[in-house]
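Structural characterization, general
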Amino acid sequence: MASLPDPELAIRLRRAAFNRALAEADLAAIGPILAQDAVLVAGTDSALIVGRKAQLLAWKREFAARDRSIYTRTPEAIQASPVAPIAFEHGAWQGVSAAGGAVQASGSYTAKWRLIGGEWVIEAELYLTLA
């Protein structure tokens, strides 16, 4: 029986794939990383984006923007639950101009992950804009 990879390593790999998908404007790669009912609370205006479909639509709009931002999340800590297939990720995020690379916004974030069907998916993300 194959053992599951270390939750921290698996989540870091999934986050790296998500960052790559954002940089490459790859909606097809983003979808499988989000839970069906994923929730995102935006940093500045606390806009609530509920569900994978709604998030993919929001990313599609972002990717089509004239001066789109490329967002990167950098995990600082990942804590897996010892009693349930869930984990928290805490870190820093940054949005830079795709055209010039200038930092447009940055802050902190927390993400809740769940292991479903052998894959870690994002259930919720909460962002705090600090700059």
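1. Some words on the packing of aromatic side chains
Enumeration over the complete set of coordinates arrives at five aromatic pairs. Summarising the aromatic geometry, the rings of W59 and F63 are spaced 6.0 Å apart at their centres and angled 25° between planes, so their arrangement reads as stacked. Linking W59 with F63, this pair stays in helix α3 (residues 52–64), spanning four residues, or about one helical turn. Relative accessible area serves as the criterion here: at 9%, W59 is assigned to the buried category. Residue class for F63 comes out buried when judged on its relative accessible area of 16%.

2. Quick word on the sheet that holds strand β1 (residues 34–41)
Spatially, six strands are ordered β2-β1-β6-β5-β4-β3 in an open sheet, and the strand pairing comes out mixed. Looking along the sheet, the strands with just one partner apiece sit at the ends: β2 (48–50) and β3 (69–80). Within the sheet, the average angular offset between the axes of one strand and its neighbour, ignoring direction, is 20°. Pairing between strand β5 (residues 103–116) and strand β6 (residues 119–129): ten bridges, direction antiparallel. Its bridge partner lying in β6, W113 is registered against I122. In the packing of helix α1 (residues 7–23) onto the sheet, the strands contacted are β1, β3, β4 (86–97), β5 and β6, and the crossing angle to β3 comes to about 175°.

Rules used throughout
Residues numbered from 1 in each chain as written. Predicted model: local features only at pLDDT ≥ 70, side-chain atom pairs only at ≥ 80, totals over all residues. Heavy atoms only, no water. Phe/Tyr/Trp six-rings, centres within 6.5 Å; stacked < 30°, edge-to-face > 60°. Helix = DSSP H or I, 4+ residues; strand = E, 2+ residues; numbered from the N terminus. Buried < 20%, exposed > 50% of the residue type's maximum accessible area, 1.4 Å probe, protein only. Pairing = 2+ DSSP bridges. Axes fitted to C-alpha atoms, helices over the stretch in contact; angles between N-to-C directions. Contact = heavy atoms within 4.5 Å.

Note that all results are geometric; they support no functional claim without further evidence.
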